[in-house]
Amino acid sequence: MEKLIIRGSNRLYGDVKISGMKNSALPVIFGTIAVNDVCTIKNLPDISDIALALETLEMIGATVRFIDTSTVIIDTRGVQMKSPPLEHVSKMRASIYLLGAMLGRFGKAEVGYPGGCDFGLRPINLHIKGFEALGAKITFSTAAMIEGETPNGLAGNIVYFDIASVGATINVMLAAALAKGTTVIENAAREPHIVDMACFLNACGANISGAGTSMIRIKGVERLHGCTYELAPDMIEAGTYMVAAAATGGSICVHNVVPKHMESISAKLREIGIPVGIMGNTITVTGTDSFRGTEIRTNPYPGFPTDMHPQFSALLALSKGMSTVSEGIYSGRFKYVSELNKMGANIEVVENAALINGVEKLHGASVKATDLRAGACLVIAALAAEGITTISNIEYIDRGYENLVEKLRSLGADIRRG
């Protein structure tokens, strides 16, 4: 298995361009099933999860053709209503969107239980609640298979979520886009990838309004059509490079971002004493030799993103004083802590919070990524640490970061695969 080998203590300088958003690319890819036509998707990130999603589509009858590494043409007219291979869907959480897309197009679905990073219980009860409100009947035929059918078709309804769930919001939008009547999602998730997904579906002829607010209205249409759509930039990739600049004391210009998406991240960096500048679609972060601790609690957007929790913990491990990072989304996010402590960090987990006592420096060690963002956390720590760090389980990292090694090398990092 490949590893990342990083010699730290190099300040990062230069420019980095952010790729398309992973968290909207995956639902858009699976959403093309509901479109039943030809779609051209631009600004697609070149990561392993995308390759797996496209391969899954091909296995149920879609044709996929790349124009270049970031542009793909997907023709789903030949897609059949059949269960994709379990070994594919069990590797990524986003495969749950197959349910909404297939229910919308075929009126039935059969999909294996989704997989992905393991950082705590991520139930699909809200997805099921939404589908059932639209008239679907969902059953679990085996421990690993979810089946859905719509005996009387899908019909619009009011769907209220007790928790603002990104996945459930997207899935109900997918199914409701082709339902009869109007669906209203109350307490909808507000994340940028919700907006991206709604914009994609609207470009295909859907009638969705309110995306980005807590109430989304979907007027069902008879059919969707193909489109050309460009994905928004990845706010988590951008945030990861911003934190890397701060941790190494360097200065990075992060290009192709939507600054509004980055507000909670930029605010926390400024709060601890890291200068952040914004000009157009570029954010500049300039590290300092000393910055203070803070308190962070992850929350649904526009709150601080859970996907930036581990990266900030790596940064705060080097701060002056104490910090607390509380997890309000996924209780199992803290598996990175034991690995970070191997590098000299002083972090204790108490209930759903990491208590971080900043240290003067970190040192190289052999560590392993336990999930995607935990892997990014260890990369940041390794870039800032003295000596050599070897990171294993990097298949997690490859799931969410395009050309990570090449981008970091262009900024002056001493990093290689081995």
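Coordinates for the structure precede this section.
Note that the structure is predicted; figures quoted are calculated from it, not measured.

**Side note on the sheet that holds strand S17 (residues 295-297)**
Sheet architecture is open: 4 strands sit in the order S17-S18-S20-S19, paired in mixed fashion. One side of each edge strand has no neighbouring strand; the edge strands of this open sheet are S17 and strand S19 (347-350). On average, each strand axis in the sheet is inclined to that of its neighbour by 15°, with strand direction left out of account. Sheet topology note: the S19/strand S20 (residues 353-357) ladder contains 4 bridges and is antiparallel. By the bridge assignment for S20, Ile347 is matched with Ile356. Sheet contacts for helix H10 (residues 309-316): S17, strand S18 (322-326) and S20; angle to S18, the most-contacted strand, approximately 175°.

**Details of the layout of surface pockets**
Rolled over the atoms, a probe with the dimensions of a water molecule shows which regions are left empty. Put simply, the second largest pocket is a space of about 430 Å³. Lining the second largest pocket are 20 residues, with Ala247, Asp289, Leu318, Glu360 and Ala384 sitting closest to its centre. At 3 residues, the largest contribution of residues to the lining of the second largest pocket is made by helix H8 (residues 235-248). Looking at side-chain class alone, the lining of the second largest pocket contains 7 nonpolar, 7 polar and 6 charged residues.

**Focus: the nonpolar core**
Ile41, Leu44, Met173, Phe200 and Leu201 are the most contacted members of the largest nonpolar core, which has 73 residues in total. Per-element tally for this core: the top contributor is helix H1 (residues 22-35), with 8 residues. Ignoring any residue separated from it by four or fewer positions in sequence, one finds Leu201 in contact with Met173, Leu174, Ala206, Ile208 and Leu224. Counting residues in each nonpolar core, the second largest holds 72 residues, with Met262, Ile356, Leu383 and Ala385 among its members.

About the criteria used
- Residues numbered from 1 in each chain as written.
- Predicted model: local features only at pLDDT ≥ 70, side-chain atom pairs only at ≥ 80, totals over all residues.
- Heavy atoms only, no water.
- Pairing = 2+ DSSP bridges.
- Helix = DSSP H or I, 4+ residues; strand = E, 2+ residues; numbered from the N terminus.
- Axes fitted to C-alpha atoms, helices over the stretch in contact; angles between N-to-C directions.
- Contact = heavy atoms within 4.5 Å.
- 1 Å grid on protein atoms, 1.4 Å probe; cavity = no way out; pocket = protein on both sides within 12 Å on 5 of 7 lines; lining within 4 Å.
- Points joined across faces, edges and corners; volume = space filled by probe spheres on them.
- Nonpolar A, V, L, I, M, F, W, Y, C, P; charged D, E, K, R; others polar.
- Core = buried A, V, L, I, M, F, W, Y, C linked by side-chain atoms within 4.5 Å.
- Buried < 20%, exposed > 50% of the residue type's maximum accessible area, 1.4 Å probe, protein only.

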